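As a plain string of letters, each chain reads:
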Amino acid sequence: VPIPEDRRDLGQTLETVCSLLMLCHKAIGRLSDSGMPPGRVLNLYKIIDKLGLDALRGQNMDMAFELQSDVPVEAAINASSLKSASLVRCAAELGAAAATGDEDIIRLHAHFGWHFGLVLQLMNDISAVWPGESQKSDLRLKKKTLPIAFALSLAESNGDRQHSRVVKRYYEGDRSTSEDDVKLALWRCGAIHYTWIVAAKAKASAA
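*Asks:* Hey, could you go over the confidence of the model for the protein for me, with residue numbers and the actual values?
*Replies:* Mean pLDDT for the protein: 86, with 89% of residues reaching 70 or above. Per-element confidence in the protein ranges from a low mean pLDDT of 72 for helix α1 (residues 7-31) to a high of 96 for helix α8 (residues 191-206).

In structure tokens form, the structure reads like this:
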């Protein structure tokens, strides 16, 4: 993704991100003053730094996909996992790691957070393309979320894929195809149903 030419906007964004990271690190550092073992404090730093980077990678992938015509279904799932699942995992894993040094308990919380975060992201992706009114900008920005990636993958396969080809035409810039046309096509080609299934599997893993 190219760096924005407006350096002021870029600087403000970087300043906000750095400020939030500094606040998180400062809050973790204060835990050592409360008597928390240094090893546990260091582990908290490692968790937030690793998962924070994962979230940034996922966001970068999400933006890069807007410029790509072909995004594999697996890549779309991976981007959703990194972008959102890593953040929810970070919250769950940090809380467990702050409370205990038991690696099994920490691992269970991390597992729950990751899969639950993926469920939240996938349901958000579905709501953005649900037939009917929506204020979300996923389609206008040409995002390649899981429902879209699934439909585009069908459009490239053999056989009669009339509904998925509606989605493909829209993403190729066909102005005669409306967002409502795309949403209905996503429903009819099974893209929304497929995303539901992936979300259901993630929900079962979280449970």
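*Asks:* An account of the packing of aromatic side chains is needed here, citing residue identities and associated values.
*Replies:* Here the structure, examined in full by the defined rule, presents six aromatic pairs. Geometrically, the ring pair formed by tryptophan 130 and tryptophan 187 is edge-to-face, given 5.5 Å between the ring centres and 80 degrees between the ring planes. Of this pair, tryptophan 130 sits in the loop between α4 (103-128) and α5 (146-155) while tryptophan 187 sits in helix α7 (residues 179-188), and the two are 57 residues apart along the sequence. Tryptophan 130 sits in the partly exposed class, given a relative accessible area of 36%. Clustering of aromatic rings is evident, with ring pairs tying together Trp130, Trp187 and Trp196. Lying over the aromatic face of tyrosine 170, lysine 142 brings its terminal NZ or CZ to 4.4 Å of the ring centre.

Definitions and cut-offs
Residues numbered from 1 in each chain as written. Predicted model: local features only at pLDDT ≥ 70, side-chain atom pairs only at ≥ 80, totals over all residues. Heavy atoms only, no water. pLDDT = per-residue confidence, 0-100. Helix = DSSP H or I, 4+ residues; strand = E, 2+ residues; numbered from the N terminus. Phe/Tyr/Trp six-rings, centres within 6.5 Å; stacked < 30°, edge-to-face > 60°. Buried < 20%, exposed > 50% of the residue type's maximum accessible area, 1.4 Å probe, protein only. Lys NZ or Arg CZ within 6 Å of the ring centre and 35° of its normal.

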